[in-house]
Amino acid sequence: MSDSRKLTDLSRQELYDLIWSSPAIKVAADFGVTETVVKNHCNNRKVPRPTRRYWTKLAAGIKPRKKPLPPTPQEVFEIEAQRRVPKALALPEPGARLHPLAIELLTALNKTKPGDQKLVHLKEPVFPEVTVSKPLVERAAQAFHVILQSLEPLGIEFKKYQGTFDPGFFKRGNDRLFFFIDETLVDHARIERKCSYWNWATGGTPSGHLAFTYNPSRWGQNEERAFEETNRHKLEQVLSEVVVAIRQHFLNRQRERIQQAIDRKKWQEESERRHREWLAEEAIRIQKEKEQAHVNAIKSVNGARKGDLIKAAEWWSRSRKIADFIEECDRRWKCPTGELNSEQAAWLAWAREIANSISPFTAGYPEPAKHGAFDASTIPFGGPYPSAKNFPQPS
């Protein structure tokens with residue numbers, strides 16, 4: 001392709017437009033993948049693909065109809081969750097069949113014995129946590145039925161809690177919402193308030209009204225919302241508000257997840273961009289270091305050869321002085337008799353060997369091709385570099 005985008009970077013709409021504008025084999029070639037990869041990617045993202053007959057008709061000058069791009073489950077939920085809910089959701093008629101889970105809840109509540117304030121408290125992993133009086137048991141089950149019937153078509157289902165001590169919850173995707181059904185209590189001041197299992201001791205009598213609470217967290221109260229039935233605010237109206245609020249909660253969660261995915265992608269793209277910039281800067285830095293090291297290496301060879309010349313001249317000067325001294329010794333020892341004794345001859349041989357050993361000529365220096373100037377432009381980048389004799393420093 002002309003840009004550096006990957007197949008997975010395309011949105012569904014971009015992928016749809018691309019796959020209906022060019023055959024899959026061409027799209028695969030543009031992205032450097034196989035045709036099978038393109039087809040599988042379309043299938044995974046629920047993007048319809050044209051058949052070979054489509055391209056045949058197109059080549060014959062016929063404009064065939066395109067299969068429309070179907071909405072994603074998220075897009076469907078976005079639409080359905082915002083559909084208008086009646087201001088009042090009626091309870092089922094007496095004798096009407098309830099949702100299977102509502103029937104199980106009714107059966108479990110009927111089997112539970114009342115406790116304090118003559119309230120039945122049910123807390124099992126398969127149901128919402130319920131605290132109501134016996135006369136309100138059926139009404140609570142009917143209300144739960146209405147909520148289930150309104151939410152399940154949107155994919156919001158009531159799930160069993162996998163633990164032992166906590167109640168069930170509404171779930172869609174990876175999001176969940178704990179749900180509680182309570183009967184409000186009327187205290188001695190005739191004030192009606194929501195009952196909770198842990199505040200029964202505060203006293204009060206059952207009001208005959210239901211209250212519904214949901215919370216994304218089992219114990220926290222920061223996101224808790226409650227809806228209460230009163231004499232003026234009928235249960236049917238409360239149920240409508242509960243359904244709307246639960247739908248909106250999961251819709252908000254979906255939007256948050258979509259935004260988080262967008263933010264993650266932006267962060268990843270920004271991180272990759274910065275990494276590419278760092279790699280480019282690092283490559284430039286390394287290249288400059290290599291170039292400088294190349295220059296320094298050439299300078300080092302030049303300096304070493306210059307040093308060899310200076311040190312060779314010093315060693316040669318010392319060798320000449322030693323040789324002159326040896327010759328003077330030889331001349332003096334021969335003066336009286338013209339001959340040397342064995343000790344004198346041995347010493348002269350030893351001294352001449354020393355004088356000869358420190359001479360640079362004995363070491364094969366200089367060789368103009370190896371020990372002189374050189375053309376730096378002929379040296380390969382990074383070496384190998386010319387050598388130097390590296391004479392020791394005269395002490």
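See the structure above.
Presented here is an overview of the structure given in this document. (Residues numbered from 1 in each chain as written. Predicted model: local features only at pLDDT ≥ 70, side-chain atom pairs only at ≥ 80, totals over all residues. Heavy atoms only, no water.)

Things to note about the pairing of strand β4 (residues 169-172)
Okay, step 1: Pairing of strand β3 (residues 157-159) with β4, which is carried by three bridges, proceeds in the antiparallel orientation. Following the sheet pairing, Glu157 is matched in β4 by Lys171.
Okay, step 2: Where β4 lies against strand β5 (residues 175-186), four bridges are found, and the strand directions are antiparallel. Across the sheet, residue Phe170 finds its bridge partner in β5, namely Leu177.
Okay, step 3: Adjacent in sequence and paired antiparallel, β4 and β5 are bridged by two residues, among which Gly173 carries a positive phi angle near 65 degrees. (Pairing = 2+ DSSP bridges. Helix = DSSP H or I, 4+ residues; strand = E, 2+ residues; numbered from the N terminus.)

A closer look at unusual backbone geometry
If a residue is not glycine, its phi is most likely negative; likewise, a peptide bond is most likely trans.
Okay, step 1: Cis peptide bonds are those with omega within 30 degrees of zero, and the linkage from Tyr365 to Pro366 qualifies with 0 degrees.
Okay, step 2: With respect to the element layout, Pro366 can be found in the loop between α9 (342-357) and α10 (368-371).
Okay, step 3: Backbone geometry at Lys46 places phi at a positive 55 degrees, although glycine is not the residue there.
Okay, step 4: Note on Lys46: relative accessible area 56%, which makes it exposed.
Okay, step 5: Phi is positive for Asn390, close to 60 degrees, though the residue is something other than glycine.
Okay, step 6: Along the chain, Asn390 falls in the segment after α10.
Okay, step 7: The exposure class assigned to Asn390 is exposed, which follows from its relative accessible area of 54%. (Buried < 20%, exposed > 50% of the residue type's maximum accessible area, 1.4 Å probe, protein only.)

Some thoughts on the environment of Ser150
Okay, step 1: Inspection of the secondary structure puts Ser150 in helix α7 (residues 137-151).
Okay, step 2: Here the alpha-carbon distance between Ser150 and His294, two residues 144 residues apart in the chain, equals 77 Å.
Okay, step 3: Excluding residues within four positions of it along the chain, Ser150 makes contact with Leu89 and Val243.
Okay, step 4: Engagement of the side chain of Ser150 in a polar contact is seen with the backbone oxygen of Val146, the distance being 2.9 Å. (Contact = heavy atoms within 4.5 Å. Polar contact = N/O pair within 3.5 Å; in protein donor to acceptor, adjacent residues only side chain to side chain.)

A few points about α7
Okay, step 1: Taking 1.5 Å of rise per residue, 15 residues should cover 21 Å, and α7 covers 21 Å from first to last C-alpha, within 8% of that figure.
Okay, step 2: Counting buried positions along α7 gives 11 out of 15 residues, so the element sits mostly inside the fold.
Okay, step 3: Considered for burial, the residues of α7 that qualify are Val137, Ala140, Ala141, Gln142, Ala143, Phe144, His145, Val146, Ile147, Leu148 and Leu151. (Expected span 1.5 Å × (residues − 1).)

Looking at the pattern of salt bridges
Okay, step 1: Under the criterion given, the structure shown has 21 salt bridges.
Okay, step 2: The salt bridge partner of Arg273 is Glu277, with a shortest N-O separation of 2.4 Å. Within this pair, Arg273 and its partner Glu277 are both found in helix α8 (residues 235-334), separated by four residues, close to a single helical turn.
Okay, step 3: Judged by relative accessible area, Arg273 falls into the partly exposed class, the value being 33%.
Okay, step 4: Exposure remark for Glu277: the relative accessible area of 39% places this residue in the partly exposed category.
Okay, step 5: Glu327 is the salt-bridge partner of Arg352, the closest N and O atoms lying 3.5 Å from each other. On the criterion of sequence distance, the pair formed by Arg352 in helix α9 and Glu327 in helix α8 is long-range, its members being 25 residues apart.
Okay, step 6: A single salt-bridge network, built from bridges that share partners, covers Glu270, Arg273, Arg274 and Glu277. (Salt bridge = Lys/Arg side-chain N within 4 Å of Asp/Glu carboxyl O.)

Remember that the coordinates give geometry; whether it matters functionally is a separate question.
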